[in-house]
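Results of the structural survey
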Amino acid sequence: QVRLEESGGGVVQAGGSLRLSCAASVGSFNSYAMGWFRQGPGKEREAVAGVSWSGGTIRYADSVKGRFTISRDNAKKTVYLQMNNLKPEDTAVYYCSAGAGLRLLSQSGYDYWGQGTQVTVSS
């Protein structure tokens, strides 16, 4: 079983920063690729970033390149998403996920999902 819990969401003004964390309850955290996805109001869930089990491969959606950074600490069984220069269009519920990660930005490659944390960016 894999249990994921996101934290760090909140309300921030445009141009501000937030750091999301995802704590995993799993026997072998380093066996999983980890990803961040988001779903804005009235929109479909979309990929934000993904990182391989070793941290050696990272992928970002074009919309967040240069602004967001995904990282993982296997010893702490935690994955992070540092979000800088936030924009109103970043407003969404952000979800942490774990899976095989054959394609790091593909939802089909992930098997487990957290409950999500709300990020609201005001203009």
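Everything that follows concerns the structure shown earlier in this document.
Now for a look at the structure at hand. (Residues numbered from 1 in each chain as written. Predicted model: local features only at pLDDT ≥ 70, side-chain atom pairs only at ≥ 80, totals over all residues. Heavy atoms only, no water.)

Here four strands make up an open sheet; going across it, the order is β1-β3-β8-β7 and the pairing antiparallel. Either end of the sheet is taken by a strand with one partner, and the two such strands are β1 (3-7) and β7 (68-73). Within this sheet the neighbouring strands show an average axis-to-axis angle of 15°, counted without direction. Across five bridges, the pairing between β1 and strand β3 (residues 18-25) is antiparallel. Its bridge partner lying in β3, Glu6 is registered against Cys22. (Pairing = 2+ DSSP bridges. Helix = DSSP H or I, 4+ residues; strand = E, 2+ residues; numbered from the N terminus. Axes fitted to C-alpha atoms, helices over the stretch in contact; angles between N-to-C directions.)

Turning our attention to the pattern of salt bridges. Following the criterion strictly, the structure yields four salt bridges and no others. Close ionic contact of Lys65 with Asp62 constitutes a salt bridge, the shortest N to O distance being 3.3 Å. A salt bridge links Asp90 to Arg67; the shortest N-O distance between them is 2.7 Å. With a gap of 23 residues between them, Asp90 in the loop between β8 (78-83) and β9 (92-99) and Arg67 in the loop between β6 (58-60) and β7 connect regions that are remote in the sequence. Grouping residues by exposure puts Asp90 and Arg67 together as buried. The structure contains a network of salt bridges with shared partners spanning Arg38, Glu46, Arg67 and Asp90. (Salt bridge = Lys/Arg side-chain N within 4 Å of Asp/Glu carboxyl O. Buried < 20%, exposed > 50% of the residue type's maximum accessible area, 1.4 Å probe, protein only.)

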